[in-house]
Amino acid sequence: MKEQYLINARIINPVNDTDEIGGLIIDDQGKIKASGKKVTKQNISTNAEKIDLQGKIVIPGLVDMRVFVGEPGFEYKENFRTLSEAAIAGGVTSAVLMPNTHPVIDNVSMVDFLKRRGRDKSKINIFPTASLTKNTNGIEMTEFGLLMKKGIVAFTDGIKTVQNPQVMARIMNYASQCNSLVMQHPEDAFLSEGGLINEGEISTRLGLKGIPYLAEKIIVERDLSFLEEYKCRYHIAQVSSKKTIEVIRKAKHDEKIFTAGVSINNLSLNENDIGDFKTFLKLSPPLRTEDDRMSLVNSINDGTIDVIVSDHKPEDEESKRLTFSQATAGATGIETLLPLALNLFHNKSVKLNKLIASLTSNPAKVLKINKGTLNNGSDADLCVLDINKPFIVEKNLLKSKSKNTPIENKKLQGKVLKTYIKGKMVFDNN
Amino acid sequence: MATIKKLKAVKKNPNHLLGIQDISFPDVNKILSEAKTFIKLNRSSSKKSDLLRGKTQINLFFEPSTRTQSSFELAGKRLGADVMSMNIVNSAIKKGETLIDTAMTLNAMHPDIIVIRHGDSGAPNLLSQKVNCSVINAGDGRREHPTQALLDALTIINRKGKVEGLKIAICGDILHSRVARSNIYLMNMLGAEVNVVAPKTLLPHSIEKLGVKVFNDMKKGLDKCDIVMMLRLQNERMHGSFLPSPREYYEYFGLTQDKLLAAKKDALIMHPGPMNRGVEIDTNLADDINRSVIREQVELGVAVRMACLKIYCKKI
């Protein structure tokens, strides 16, 4: 590989909070050699490849902490190749995979399979998670130590919550000894039983059983109580309601150490968008009120929430062309994660540096992986974007195998132009 | 007077009768005045008309129903339509066919109108997007039962002359009731004042935002009411999870002579049926011909459904 000089660019490196006009040098090993304002046309060596980015933005490739792939078991919904194509078109270079496959990722041999398939079929960096409990049964914990040795970055039951408090207490206690990252999808099964959308006026009008915010808050409160006793690495996968945000804000103020994420869907949409029973907007956690959404947006600004995820959950037509109560929950989103997030910058809700950090460096810090940075010596996983370029989301142009986007025909601003992984350009929009 | 909130959860579709939320005040007036003409026809010796001759009506009932299904069937037949009632118990649905596939199949037979009842809220909306004929909602999940509300309004108008200015109490299991929701929208639209009376565990979230006053005490809720609408309480909800027992429910929320004293002297008692005598309503009250209009509701139901079939059959 030749040395590459990306010049005439706006370089945003969230790790040291810099945002400057300059360039970036990728060395012959695909690592970042230098970046920032010091890299100019003058200091280019003669035999290097030179790319003029004409003032476009360079950020670290996105690290998406919540992605569902159909392999194994649901290859018809998404395979590694289609996931990878969708990811790089959206500037995502690292994806954390949820273990809710068939069979569930809960043992060492499954991890080997995933890593092999990920390496052979996809261009992006694959970070698999394993389930917290065997077959996500919520009862017996998996082999945290052995699984971490194989390269598992975190443990989560994905779409499920560990309901039994005793099991959860033991998991957190054991995880603290292995230094494992525990990611919880917070939803009490009894309170949310049969629930389809946020509980409130809309659920009453649509005649759909509601999911109260309490179902989320009560699990977060429970787990944060455990955290006082069992100090493990704990991450709340997705938050959806204002009341839960208040709990998290207070706990962080009290200097409890944990992190939290939010889905781009909950940041961008609210329950009114469900309209005439649109099953593509049946999500878990559910879309809530505008008041809840605003509270989530503000919590990105003040650091209450650390990470934004796509919650990319491909579902085929047969799972969605049903009545609202029969349809499966979930929406695709890995390809539209960045442009949809940039909407929050364009409408002045969130500062650009906070937004980029929550998509790149923050998830990398939570996972303790060396990604989401433009620092010298790190892999040149990059996203080049035109922050102003407008486009309309067209379902059939999206790369994912499933087409269940919740934002069809939405007008967005900000498009990924190029994506680099380990110094190699894997996506070029031109 | 209670205000009608502008917020609509579902967009209007003029070709179908999917819910009271989706239709306008002129639509309602048209249905009610049309229905009045059919009351006379239904009471005459020759009940047949040929308004819908050559039209095909399919009744698609995914939930068991006696009165609504027979009422729609009779309404269609009296208008001269060819009526087919699908027996879902033996159909392909039980073999795993989806609602959309069933809709496509039926659509290929060129029906003019489909009447659907389904346990899932929004099922008629989904059906209406996939067929080329009009769809009438005969009850979907907890969402709406528009023809029931319309026949209730017609019954009230028949007895009281108008709905505007009346005070109406809807009592019982509001949480699970599509009849309650449709009636709240319709009675509000027609200018009544609506109270809902129920134990807290049987009230849906934010029900007050639908423009009603909420009571947990029967006597307060029935105070000076012109109409007392009782709702059916389903068996599985009586024991433990929503309520302690049927007898405790009857004690506090069952309609008895004593509680009825709070309402106006000439207040009417209504019930969409089927009734649980001795659970939500005292058996003598249910049969009191001076107060109870429960049988009249059934009679006018046929007239209202005839009006709906006539009007919506012409829409597409």
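Whatever comes next refers back to the structure up there.
Predicted model only: the values in this text are computed from it and were never measured. (Residues numbered from 1 in each chain as written. Chains lettered and ligands numbered in written order. Predicted model: local features only at pLDDT ≥ 70, side-chain atom pairs only at ≥ 80, totals over all residues. Heavy atoms only, no water.)

Visitor: Looking at this structure, I do not really get helix α5 (residues 146-160) of chain B. What am I missing?
Guide: Residues and elements named next belong to chain B. Here α5 is 15 residues long and its end C-alpha atoms lie 21 Å apart, about the 21 Å a rise of 1.5 Å per residue gives. Burial analysis of α5 places twelve of its 15 residues in the buried class, which makes it a mostly covered element. For α5, the full list of buried residues reads Pro146, Thr147, Gln148, Ala149, Leu150, Leu151, Asp152, Ala153, Leu154, Thr155, Ile156 and Ile157. Directly beyond the C-terminal end of α5, a positive phi value near 85° is found at Gly161. (Helix = DSSP H or I, 4+ residues; strand = E, 2+ residues; numbered from the N terminus. Expected span 1.5 Å × (residues − 1). Buried < 20%, exposed > 50% of the residue type's maximum accessible area, 1.4 Å probe, protein only.)

Visitor: How do you make sense of the pattern of salt bridges when you look at a structure like this?
Guide: As enumerated under the stated definition, the model contains 38 salt bridges over all chains in all. Put simply, Lys256 of chain A and Glu228 of chain A hold a salt bridge, and the shortest N to O gap is 3.0 Å. Taken as a pair, Lys256 of chain A in the loop between α7 (242-253) and β14 (259-263) and Glu228 of chain A in helix α6 (residues 214-229) lie far apart in primary sequence, 28 residues in all. Note on Lys256 of chain A: relative accessible area 22%, which makes it partly exposed. Here Lys213 of chain B makes a salt bridge to Glu193 of chain B, at a shortest N to O gap of 3.1 Å. Of this pair, Lys213 of chain B sits in strand β7 (residues 213-215) while Glu193 of chain B sits in strand β6 (residues 193-197), placing them 20 residues apart in sequence. (Salt bridge = Lys/Arg side-chain N within 4 Å of Asp/Glu carboxyl O.)

Visitor: Just to check I follow, could you spell out the sheet that holds strand β9 (residues 268-270) of chain B for this structure?
Guide: Backbone-to-backbone hydrogen bonds join strands into a sheet, with any given pair of strands oriented parallel or antiparallel. Residue and element names in this part refer to chain B. Strands sit in the order β7-β6-β5-β8-β9 across an open sheet of five strands; the sheet is parallel. Looking at strand neighbours, the two that pair on one side only are β7 and β9, the edges of this open sheet. Averaged over all adjacent pairs, the angle separating strand axes in this sheet is 20°, with direction ignored. Summarising the sheet, strand β5 (residues 167-171) and strand β8 (residues 227-230) pair through four bridges and their orientation is parallel. (Pairing = 2+ DSSP bridges. Axes fitted to C-alpha atoms, helices over the stretch in contact; angles between N-to-C directions.)

Visitor: What exactly am I supposed to notice about the interface of chain A and chain B here?
Guide: Often, the extent of an interface is quoted as the loss of accessible area on bringing the components together. Contact with chain A, which involves 19 residues of that partner, is made by 27 residues of chain B. Between chain A and chain B lies a buried interface of about 2,100 Å² when both sides are counted; carbon and sulfur atoms form 55% of it. Considering only the surface of chain A that becomes buried against chain B, Glu201, Thr204 and Arg205 of chain A emerge as the three largest contributors, covering 35% of it. At the junction of chain A with chain B, the criterion picks out nine residue pairs in polar contact (both at pLDDT 80 or more). Counted by class, the side of chain A that touches chain B contains five nonpolar, eight polar and six charged residues. (Contact = heavy atoms within 4.5 Å. Buried area = accessible area lost by both parts, 1.4 Å probe. Polar contact = N/O pair within 3.5 Å; in protein donor to acceptor, adjacent residues only side chain to side chain. Nonpolar A, V, L, I, M, F, W, Y, C, P; charged D, E, K, R; others polar.)

Visitor: What is the right way to look at the nonpolar core in this model?
Guide: Note that soluble globular proteins tend to have their nonpolar side chains buried in a common cluster. Of all hydrophobic cores here, the largest spans 95 residues; its most connected members are Ile59, Tyr234, Leu267, Ile308 and Leu338 of chain A. At seven residues, the largest contribution of residues to this core is made by helix α4 (residues 165-178) of chain A. In this view, Ile308 of chain A contacts Val262, Ile264, Leu267, Ile300, Leu337, Leu355, Ser358 and Leu359 of chain A; residues no more than four positions away in its chain are not counted. The next biggest cluster of nonpolar side chains, apart from the first, holds 64 residues, and it includes Phe38, Leu190, Ile227 and Ala303 of chain B. (Core = buried A, V, L, I, M, F, W, Y, C linked by side-chain atoms within 4.5 Å.)

Visitor: Looking at this structure, how should I read empty space enclosed by the protein?
Guide: Sizing a probe to match a water molecule and rolling it over the atoms shows the empty space that remains. Going through the model one piece at a time under the given rule, you end up with three cavities of 30 Å³ or more. Approximately 90 Å³ is the volume attributed to the largest cavity. Lining the largest cavity are Arg67, Thr68, Ser71, Gln148, Leu151, His271, Pro272, Gln297, Val298, Gly301 and Arg305 of chain B. Mapped onto the lining of the largest cavity, the elements with two or more residues apiece are α2 (67-78), α5 and α11 (294-313) of chain B. With four residues, the single largest contributor to the lining of the largest cavity is α11 of chain B. The computed volume of the second largest cavity comes to approximately 50 Å³. Around the second largest cavity sit His312, Thr332, Gly333, Ile334, Glu335, Thr336, Leu398, Ser400 and Thr405 of chain A, which together line it. Here the residues of the lining of the second largest cavity sort into two nonpolar, six polar and one charged. (1 Å grid on protein atoms, 1.4 Å probe; cavity = no way out; pocket = protein on both sides within 12 Å on 5 of 7 lines; lining within 4 Å. Points joined across faces, edges and corners; volume = space filled by probe spheres on them.)

Visitor: Just to check I follow, could you spell out the sheet that holds β14 of chain A for this structure?
Guide: Residue and element names in this part refer to chain A. An order of β6-β7-β8-β9-β10-β13-β14-β15 is seen for the eight strands of this open sheet, with the pairing classed as parallel. Two strands bound the open sheet, and with one partner strand each, they are β6 (62-67) and β15 (307-309). When strand polarity is set aside, the average angle formed by the axes of neighbouring strands in this sheet is 30°. The sheet contact formed by strand β8 (residues 125-130) and strand β9 (residues 154-156) spans two bridges and is parallel. Bridge pairing in β9 places Thr129 opposite Ala154.

Visitor: What exactly am I supposed to notice about a nonpolar patch on the surface here?
Guide: Residue and element names in this part refer to chain A. Nonpolar side chains collect at one region of the surface, where Leu191, Tyr213, Leu214 and Ile218 lie side by side and expose about 310 Å² of accessible area between them. Tracing the chain through its elements places Leu214 in helix α6. Taking relative accessible area as the criterion, Leu214 reaches 39% and is therefore assigned partly exposed. (Patch = residues over 30% accessible without salt bridge, like charges linked within 9 Å, V, L, I, M, F, W, Y side chains within 5 Å. Areas by Shrake-Rupley, 256 points an atom, 1.4 Å probe, with all protein chains shown as cover.)

Visitor: Help me understand the environment of Pro103 of chain A, please; the structure alone is not making it clear to me.
Guide: Residue and element names in this part refer to chain A. Examined against the element boundaries, Pro103 turns out to sit in the loop between β7 (92-97) and α2 (108-121). C-alpha separation for the pair Pro103 and Gly73, spaced 30 residues apart in sequence, amounts to 6.8 Å. Setting aside anything within four residues of it in sequence, one finds Pro103 in contact with Pro72 and Met110.

Visitor: Help me understand the side chain of Ser65 of chain B in this model?
Guide: Residues and elements named next belong to chain B. Counting through the fold element by element, Ser65 comes out in the loop between β1 (56-61) and α2. Accessibility expressed as a relative area gives 19% for Ser65, which makes it buried. Within the structure, the side chain of Ser65 is placed 3.1 Å from the backbone nitrogen of Gln69, a separation counted as a polar contact.

Visitor: I would appreciate a short explanation of the packing of α6 of chain A against α7 of chain A in the present structure.
Guide: All names here are of chain A. Relative to each other, α6 and α7 sit at 15°, their axes nearing to 8 Å. The pairing of α6 with α7 is recorded here as roughly parallel in orientation. Considering how the two elements wind past one another, α6 and α7 form a crossing that is right-handed. Where α6 abuts α7, its residues Glu216, Lys217, Val220, Glu221 and Leu224 lie against Lys243, Thr244, Val247, Ile248 and Ala251. Grouping the constituent residues of the contact of α6 with α7 by class yields five nonpolar, one polar and four charged. (Parallel < 35°, antiparallel > 145°, perpendicular 65-115°, else oblique. Left-handed = near helix turned anticlockwise from the far one by under 90°.)

Visitor: I keep staring at the packing of aromatic side chains and nothing clicks. Help me out?
Guide: We describe a pair of aromatic rings using the distance from one ring centre to the other and the angle between the two ring planes. Residue and element names in this part refer to chain A. The final tally for this structure, using the stated rule, is five aromatic pairs over all chains. When the ring of Phe144 is compared with that of Phe155, the centres are 4.4 Å apart and the planes differ by 35°; the resulting orientation is tilted. Residue Phe144 is found in helix α3 (residues 144-149), and its partner Phe155 is found in strand β9; the two are separated by eleven residues along the sequence. For Phe144, a relative accessible area of 1% gives the class buried. An aromatic cluster is present here, built from Phe144, Phe155 and Tyr174 joined pairwise through their rings. For the cation-ring pair, Lys77 lies above Phe74, with the distance from its terminal atom to the ring centre recorded as 5.1 Å. (Phe/Tyr/Trp six-rings, centres within 6.5 Å; stacked < 30°, edge-to-face > 60°. Lys NZ or Arg CZ within 6 Å of the ring centre and 35° of its normal.)

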